[in-house]
Each structure stands twice: as structure tokens, then as C-alpha cells.
Amino acid sequence: MQSDWLLGLIGGGLIGSAAAIFLLVNGRIMGASGLIGGLVDRSGWHDWKERAALIAGLVTIPAIMVPFGQDWQTHLTDNWIIIILAGLLVGVGTRLANGCTSGHGVCGISRFSLRGIVATAFYIGAGGLTVVLFKHVWGII
Amino acid sequence: MRSLVSFIVGGLFGAGLLISGMTDTAKVQGWLDIFGDWDPTLAFVMGGAIIPMAVAWRVTIGRKPVLADRFPAPPEPKLGHNLVVGSTLFGMGWGLVGLCPGPAIASLSFSGSGGFAFLIAMLTGMIGAPALRMRLDQMLAPV
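Everything numeric in this text was worked out from a predicted model, so none of it was measured.

Concerning the interface of chain A and chain B
(1) Moving on: Tallying the contact residues gives 98 residues for chain A and 103 residues for chain B.
(2) Moving on: Each partner contributes to the roughly 9,000 Å² buried at the junction of chain A and chain B, and carbon and sulfur atoms together form 79% of this total.
(3) Moving on: Counting the surface chain A buries against chain B, the share from its top three residues, Thr74(A), Leu96(A) and Arg111(A), is 8%.
(4) Moving on: Notably, a salt bridge pairs Lys27(B) with Asp4(A), separated by 2.8 Å at the nearest N-O pair.
(5) Moving on: At the junction of chain A and chain B, the tally comes to 22 residue pairs in polar contact (both at pLDDT 80 or more).
(6) Moving on: Of all elements in the fold, only α1 (2-26), α2 (32-40), α3 (48-65), α4 (80-96), α5 (101-109) and α6 (114-137) of chain A reach the threshold of two or more residues within the side of chain A that touches chain B.
(7) Moving on: Looking at the side of chain A that touches chain B, the element that brings in the most residues is α1(A), giving 21 residues.

Observations concerning the nonpolar core
(1) Moving on: Ranked by size, the top nonpolar core spans 62 residues in total, and within it Met30(A), Phe13(B), Met53(B), Trp94(B), Val97(B) and Phe118(B) carry the most contacts.
(2) Moving on: Per element, the largest residue contribution to this core is eight residues, and it comes from helix α3 (residues 41-60) of chain B.
(3) Moving on: Residues within four places of Phe118(B) in sequence aside, it is in contact with Ile83(A), Ala86(A), Gly87(A), Val90(A), Val97(B), Leu99(B) and Ala104(B).
(4) Moving on: Among the nonpolar cores identified, the runner-up in size contains six residues, and Met65(A), Val66(A), Leu18(B) and Phe110(B) belong to it.

Focus: the confidence of the model for chain B
(1) Moving on: For chain B, the mean per-residue pLDDT works out to 95, and 98% of the residues sit at or above 70.
(2) Moving on: For this predicted complex, the interface score ipTM comes out at 0.96, alongside a pTM of 0.95.

Focus: the environment of Pro72(B)
(1) Moving on: You can see Pro72(B) is positioned in the loop between α3 and α4 (80-97).
(2) Moving on: Looking at Pro72(B), the relative accessible area reads 21%, which means it is partly exposed.
(3) Moving on: When the C-alpha atoms of Pro72(B) and Leu4(B) are compared, they prove to be 20 Å apart, with 68 residues separating the residues in sequence.
(4) Moving on: Setting aside residues up to four positions removed in sequence, Pro72(B) forms contacts with Leu23(A), Gly27(A), Arg28(A), Ile29(A) and Arg111(A).

Thoughts on the packing of α4(B) against helix α6 (residues 112-139) of chain B
Residue and element names in this part refer to chain B.
(1) Moving on: Contact geometry of α4 with α6 gives a least axis separation of 11 Å together with a crossing angle of 155 degrees. Considered as vectors, α4 and α6 are oriented roughly antiparallel to each other. The way α4 lies across α6 gives a crossing that is right-handed. Residue-level contacts link His81, Asn82, Val85, Leu89 and Val97 of α4 to Phe118, Leu132, Arg133, Leu136 and Asp137 of α6.
(2) Moving on: Looking at side-chain class alone, the contact of α4 with α6 contains six nonpolar, two polar and two charged residues.

Notes on the side chain of Thr101(A)
(1) Moving on: Its location among the elements puts Thr101(A) in helix α5.
(2) Moving on: Excluding its chain neighbours within four sequence positions, the residues that come into contact with Thr101(A) are Val106(A), Tyr123(A), Met46(B), Phe90(B), Trp94(B) and Cys100(B).

How each quantity is defined
- Residues numbered from 1 in each chain as written.
- Chains lettered and ligands numbered in written order.
- Predicted model: local features only at pLDDT ≥ 70, side-chain atom pairs only at ≥ 80, totals over all residues.
- Heavy atoms only, no water.
- Contact = heavy atoms within 4.5 Å.
- Buried area = accessible area lost by both parts, 1.4 Å probe.
- Salt bridge = Lys/Arg side-chain N within 4 Å of Asp/Glu carboxyl O.
- Polar contact = N/O pair within 3.5 Å; in protein donor to acceptor, adjacent residues only side chain to side chain.
- Helix = DSSP H or I, 4+ residues; strand = E, 2+ residues; numbered from the N terminus.
- Core = buried A, V, L, I, M, F, W, Y, C linked by side-chain atoms within 4.5 Å.
- Buried < 20%, exposed > 50% of the residue type's maximum accessible area, 1.4 Å probe, protein only.
- pLDDT = per-residue confidence, 0-100.
- Axes fitted to C-alpha atoms, helices over the stretch in contact; angles between N-to-C directions.
- Parallel < 35°, antiparallel > 145°, perpendicular 65-115°, else oblique.
- Left-handed = near helix turned anticlockwise from the far one by under 90°.
- Nonpolar A, V, L, I, M, F, W, Y, C, P; charged D, E, K, R; others polar.

Take a look at the structure:
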């Protein structure tokens, strides 16, 4: 359990360092939903190379690491209705809110952005309530 | 050059998500599950990520990015209904399966058909977002 916390701290440090490099070198916010969303709705096509390169790195490096690592699994549910419903909610919600865990959470809170703090409070609150309802009350997940 | 930096940033981001356990939906849901077997890992990940980023924001003061003209504009103080409604919808989806956009992409190579289905649904939701935004703006006066 304690090694999980330590790995969390180390991994978090890598995530924060990645965001710091993106900010200090490229002058940009490392927000996953914004980087992808800009490609999906064409609002970010003018800098598609940067977005595509970041996404390529985000897919490729874990793909290389997984065969060498320990027990890296997603433990994703096999309930397809839940998966698709969740995907739709995450997609529409992050674009509506202009950010997700990386953009509002990591990049926003670290600059004391009120929007980032409020967004994080709402998605954690909604996430917690959803787990309580769907797991403990209805027993669906 | 900017693209090469972006690739490296994406790689570090992916490695961090993997090592921290954030591509494991059980850990994320475990953190949200305050009435179950609560897993505090996510708080350590958030803390570990916010520290270097807070230092980076301090470094930006009075400087320019290495490969760009300017840093992103200061955050808008305005909150608005889109931020609140959007974050709530996102949180519901995040709680249901334990995936948010970063880990969904980072785990593509090992999350199987379910992970792929999640990605397609997420992209579909992103396509639908502008239409919902218009509807919300018509329904709700700006807060």
C-alpha cells in the first residue's frame, strides 16, 4: 500500500514535469481533453503537429513500457453500456468545461486558477457520488 | 523542434500515468469510493504533479517560453454554467469507469476493445459538445 503512494508521488512528479516542460518550452497548457478535442472539432488544426506528436508519445511510451513492467492492467469493466455511456459523458463534459484532470486539475490548481479549483471540486464530487450510487446503492458497477 | 518536445512531453506524461497507477481504473474508482476500501493514491499523484507545475508557473514570471512568443493568458476568473455542468458530466463518466482523457489515451495499447470503445465514445461526445453548449447557453442566462 505504501509503495503505491510512493509510486503515485513519483508518477505524479513525471506528469507535473511533463506539464512544466510543455509550458516552459512550448508555452502551452498540457491538458489532455483540450489537445484531443481541438483535433476532433477542428478548433486546433492550425497546430495539429504538436497535438499529434504529444498524443503519439502518450500512446507509444506506455506501449513500450508495459511488456517490461509489473502488473499494469486497466481493470476496465466489461459492461459495454457503462463504457459507452461513460465515454460520452467524459467527452462532452470535458469539452463543455474546457478541461479535465490534467488541464483543470494539474495545470489549473498549480496556478491557483479559480476555474481549475471549481472544476476539480465538481468532477471529484460528481465522480464520488456516481461511485456511491452505482456501486453501493444500485450495485451496477 | 516543437513537435519533438511535444512527443517527449507526451511520453513523460504517459510514463507518469502508468507508474502512478492512474491507468488502473480500480485505483481511480478506489479513490472516488469514500464508502468502500478507500485508496488515497490519486491524492499523491495530484500532489506530485502540482508541485513541479507550481514551480514552473513561478518561472514564467517575466520570461518567455523557449520555443514560443508568449505564455498562455492568465486564467479567466469567470466561472459560468458550462464549467459547472461540464465538470459534473465529466465526473459522472469518470466515476462510472475510472478513466479520464489522459489515461484513456495512455492505456490504448493494453486496454483492449473496451478501452477502444471508450475512446470512440469519448471522441463522439467531444463532437457533440458544441451543440450542447449552444443549447445550454440558450437555456441558461450567464451566471
